[in-house]
Structure formats: structure tokens, C-alpha cells
Amino acid sequence: MTSSSSSSPSTSDAETLRRSRILKSKLYLDVPLPKVPIVYSASYDIAFLGIEKLHPFDSSKWGRICQFLISDGALDKKCIAEPLEASQDDLLVVHPESYLNSLKSSANVARIIEVPPVALFPNCLVQQKVLSPFRNQVGGTILAAKLAKERGWAINVGGGFHHCSGEKGGGFCAYADISLCVHYAFVRLNISRVMIIDLDAHQGNGHELDFAGDRRVYILDMYNPGIYPFDYEAKRYIDQKVEVMSGTTTNEYLKKLDEALEVAARMFDPELVVYNAGTDILDGDPLGRLKISPDGIANRDEKVFRFARERNIPIAMLTSGGYMKSNARIIADSVINLSQKHLIDMGKNGA
Ligand SMILES: [Zn+2]
């Protein structure tokens, strides 16, 4: 397939339009210094007439992560960086208008987020209660790359919708925040090499399809091949594929990760790492089917941060999948571990 640098007139027109949309966007806002690159807004969390309880799902995970960080004294509430909601124009950077129009059908949204009763609600309500929180998280992922470039690292407390490509949503992912974030980084951060390290339990077929054959993006994906999405076409676009079978335990997992990071470092020299840090690899997760301990997750995140920070590569982490009640605490503990190991500084570094 042609790369985005192809010279056919229609491709370059589309590229010009994409650039102008990115340059006009308000999502790259300035975050003043007392604030730290932990990105979150209360508008991330989903509460929808109790419907959210029908999904096997902690839909206030994002707020709870922040609450734990604050109550543990690791983060000051006033220091959280708040993103803006991605607008229609922002989303058109990767999504065709026809895709965004398809979200005006509640039945279609219900299919994408796998909550069938959502089909019964008027679309204005679905937009406001479900899609708007996601669009805020998209704004957060895009802002996280900018902050990572400025501060060395950033964590979007939400985002990581790695099953959504420009053309198609699925698996709880309605917007392609990772693809958007990378395109924004190309234009606004003036970089041309991005590494996506996707360690969610599921294969990240959305960004894989979006960057198929694009040599500016190196994708390391470590996932369980025995679960959703079984996307064999997208697998062809993974630069380094590490398949971990159901039942894989912590030591085996971390050993494979060490090897994979070593290979990645030899193969590619990124100017930005986008780290999709799904915690559905946790032992007991009904979807991920892996057996990684909470300490193993902290260890994993530490390895990836060490990889980027030791090489002075800006790293933007997204929290992605893993929605059991226990995940928020485990993510907060892992972020605190990063701080204790001096891989990040949340402004309270006696902690
Ligand atoms: Zn997942």
C-alpha cells in the first residue's frame, strides 16, 4: 500500500486537509508549570442511568485512579492537567465523516461499546453520557503526547482505545485516540518516528490498521492471541509481535517483555513512545485470561518507563483496558512506584 508521502493528488489533498485541521486544533493547549503531566478531567467518567452497571465494567475507574493518587499524598488535585474535549474537526483528522455519522445511531454505539441496552436510548443522551466522556479522553491522549515532549513523560489517566481505527469502532472503543495522538505529534511536535508499545492483553488492531505499512510508526504488540479481536489482517502490520498464551504467569511475561524491549531498541529509534498500558493482563481478569500479579504490572510499567527515560525518549502512557473494581488501585500503585523510582515526578517527590 502507498504511504502517506505518496504523491497522488487525492492523497496529498487529504494530507493537506489533515495538517490544516491539526494546526487549527485547540487540543494542544498550554499547561502551566505548577501542573504535572497527569492528564484527567471529571468528564472522563461515565454514569448513565445505572446502565453502566450492566457492563462488566468499572466505568468510574479513571476518577478512582486520581482519588487514590490524591488520598495517598502522591498528587495534588490542583496539579492535574485538564484536557479539552475533541471536536468533530479534531476527530476528522483520522475518522471519515461517514464513521462519525454512524455514531448518530444508538444501535451502532451499543454494538461498539458492547452495552446492548444503549441501543434503546435517544442518541442525544448517548452522545452526552457515553461518547462525550470518550471524546474528553481522546483530548487527553492527544495532550499527553505534547506534555510528554515538554516534560519527558505524561500519563493520560484514560484513553487507549486501541480497537478503533479511523474506519471502524469495536471492543468498547469508539474513537481512535492513539492514531489521532500520533498524527498530531507528527505535525505539531515535528517528529517522524513514533513507537507504540501496546501491552494491553488484547491485540491493538485499530492503530495497526491505521498505520499499516507506515514506516514512521514501529508497533510492538504483546497480546493474548486466544481472545478478541482475532484480527489477522491487522497482525500483518505489527512490527514486533509477541503472543502470550492464556495462563501466562508474571515471570514468564516479564522475561518476554525484557527481550521484546531489547529487540525494539535495536530495530527503531523513536522520538516518542506511546505506551498503551492496559491492565487486563491482571490475574483473574475475565477478558484478558493472563495471570500477571499486581506487582508484575508495576514491574512492567517500570520496565517500559525505564526503557524510554534512560534513552531520553518522551513517553505518553494511556490506561486502556482492565475494568475490574481492583484495577484503579493497581494502576495508582504502579504510578506511585514510578514516582518512588524517580522515573516520574508528580511534584510531591518526597513521596
Ligand atoms: Zn484489552
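Worth saying up front: this structure is predicted, and the values here are computed from it rather than measured.

So, the overall build of the chain
For the chain, the count of helices and strands is 12 helices and 8 strands. In terms of overall size, the chain behaves like a compact globule, its C-alpha atoms giving a radius of gyration of 19 Å where 351 residues would be expected to give roughly 20 Å. Projected onto its principal axes, the C-alpha positions of the chain cover 50 × 50 × 45 Å. The buried share of the chain, taken over its 351 residues, is 50%. The contacts in the chain between residues at least 6 apart in sequence include a share of 73% that link residues at least 24 apart.

Section: the pairing of strand β1 (residues 36–39)
Both faces of β1 are covered, namely the face carrying V36 and I38 and the face carrying P37 and V39. As paired strands, β1 and strand β3 (residues 153–156) are joined by 2 bridges and run parallel to one another. Counterpart to V39 in the pairing with β3 is N156.

A look at the pairing of strand β5 (residues 217–223)
Residues in a regular strand project their side chains so that they alternate between the two faces of the sheet. Counting buried residues along β5, 7 of its 7 residues qualify, which places the element largely inside the surrounding structure. Burial along β5 is two-sided: the face carrying V217, I219, D221 and Y223 and the face carrying Y218, L220 and M222 are both buried. With respect to chirality, the unit in which strand β4 (residues 194–198) leads through helix α8 (residues 205–210) into the neighbouring parallel β5 is right-handed.

Quick word on unusual backbone geometry
With an omega dihedral of 5°, the bond running from Y228 to P229 counts as a cis peptide bond. With respect to the element layout, P229 can be found in the loop between β5 and α9 (232–235). One non-glycine residue, F172, adopts positive backbone phi at about 75°. Position of F172 among the secondary structure elements: in the loop between β3 and α7 (177–188). On the neighbour-count criterion, F172 (21 C-beta atoms within 10 Å) is buried. Phi is positive for N190, which is not a glycine, with a value near 55°. Its location among the elements puts N190 in the loop between α7 and β4.

Some points on helix α2 (residues 61–71)
Those residues of α2 that sit buried are K61, W62, I65, C66 and L69. Buried positions in α2, seen along its axis, are confined to an arc of 140° and lie on one side of it. Buried-residue contacts for α2 involve β2 (80–81) and α12 (327–340).

A look at the nonpolar core
I38, V39, A174, V274, Y275, I315 and A316 are the most contacted members of the largest nonpolar core, which has 110 residues in total. Among the elements that line this core, the one with the most residues is helix α6 (residues 123–151), at 11 residues.

Focus on the sheet that holds β4
Judged by pairing direction, the sheet is parallel, and its 8 strands sit side by side in the order β2-β1-β3-β8-β7-β4-β5-β6 without closing on themselves. Each end of this open sheet is capped by a strand with a single partner; those strands are β2 and β6 (240–243). Alignment of β4 against β5, held across 5 bridges, turns out to be parallel. For D198, the partnering residue across the bridge sits in β5 and is D221.

Cut-offs used in this document
- Residues numbered from 1 in each chain as written.
- Predicted model: local features only at pLDDT ≥ 70, side-chain atom pairs only at ≥ 80, totals over all residues.
- Helix = DSSP H or I, 4+ residues; strand = E, 2+ residues; numbered from the N terminus.
- Rg over C-alpha atoms; globule rule 2.2 N^0.38 Å.
- Buried ≥ 20, exposed ≤ 12 C-beta atoms within 10 Å, placed from the backbone.
- Contact = placed C-beta atoms within 7 Å.
- Pairing = 2+ DSSP bridges.
- Right-handed = clockwise from strand over helix to strand, strands pointing away.
- Arc of directions from axis to C-beta.
- Core = buried A, V, L, I, M, F, W, Y, C linked by C-beta atoms within 7 Å.

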